[in-house]
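Survey of secondary and tertiary structure
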Amino acid sequence: MLFTKLVVKEFKVEEIHCVKCKARVEESLKSIEGVKKVNADVATGKTVIKSKTEISNDLIQEKLEENGFKAIFE
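What you see is a predicted model, and the numbers here were worked out from it, not measured in a lab.

Cut-offs and rules
Residues numbered from 1 in each chain as written. Predicted model: local features only at pLDDT ≥ 70, side-chain atom pairs only at ≥ 80, totals over all residues. Heavy atoms only, no water. Phe/Tyr/Trp six-rings, centres within 6.5 Å; stacked < 30°, edge-to-face > 60°. Helix = DSSP H or I, 4+ residues; strand = E, 2+ residues; numbered from the N terminus. Buried < 20%, exposed > 50% of the residue type's maximum accessible area, 1.4 Å probe, protein only. Pairing = 2+ DSSP bridges. Expected span 1.5 Å × (residues − 1). Arc of directions from axis to C-beta. Contact = heavy atoms within 4.5 Å.

Time to look at the packing of aromatic side chains. A full pass over the atoms with the stated rule returns 1 aromatic pair. For the ring pair F11 and F73, a centre distance of 5.2 Å and an interplane angle of 45 degrees mean the geometry is tilted. You can see F11 sitting in strand β1 (residues 7-14) and its partner F73 sitting in the segment after β4 (70-72), a full 62 residues away along the chain. What makes F73 partly exposed here is its relative accessible area of 27%.

Attention now moves to the pairing of strand β3 (residues 46-51). Taken together, the 6 bridges between β1 and β3 define a ladder with antiparallel strand orientation. Bridge assignment links K9 to a residue of β3, and that residue is I49. Examined bridge by bridge, strand β2 (residues 35-40) and β3 share 5 bridges and lie antiparallel to one another. From the neighbouring strand, A40 faces β3, where its bridge partner is T47. Where β2 folds back on β3, the antiparallel hairpin that results is connected by 5 residues, among which G45 adopts a positive phi of roughly 80 degrees.

For the rest of this paragraph, the subject is helix α1 (residues 19-30). Spacing of three or four residues puts side chains on the same side of an α-helix, whose turn is 3.6 residues. Taking 1.5 Å per residue, 12 residues should reach 16 Å; α1 reaches 16 Å between its end C-alpha atoms and fits that length. For α1, the full list of buried residues reads C21, V25, E26, S28 and L29. Buried residues along α1 cover an arc of 165 degrees about the axis, so they all sit on one side. Facing away from the buried side of α1 by over 90 degrees, the exposed positions are V19, K20 and E27. Those residues of α1 that are buried lie in contact with β1, β2, β3 and α2 (57-65).

Function cannot be read off these values alone, since they describe shape.
Laid out in C-alpha cells, this is it:
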C-alpha cells in the first residue's frame, strides 16, 4: 500500500465564534483543490489544513475572505 505524506499548514482564523462559523471556515478551505482535511478550533481559532501539495497563504486568505473570515499567519 502506498502512502503519500500530506503537507500540514497551521494558522489562526479570526472571528470563529460558534460551530456554524467553524463549519463555514472548514467548508471554504475544503473547496481548495488538494485539501484533504481541515480542522478549525472554535475556542482558539487555530486551524490546520492537510493537503496533497503546499497551499499558498494568498489562496487561503482569498477563500476565507469570501466567507467573512481572516487568516493570521505567523
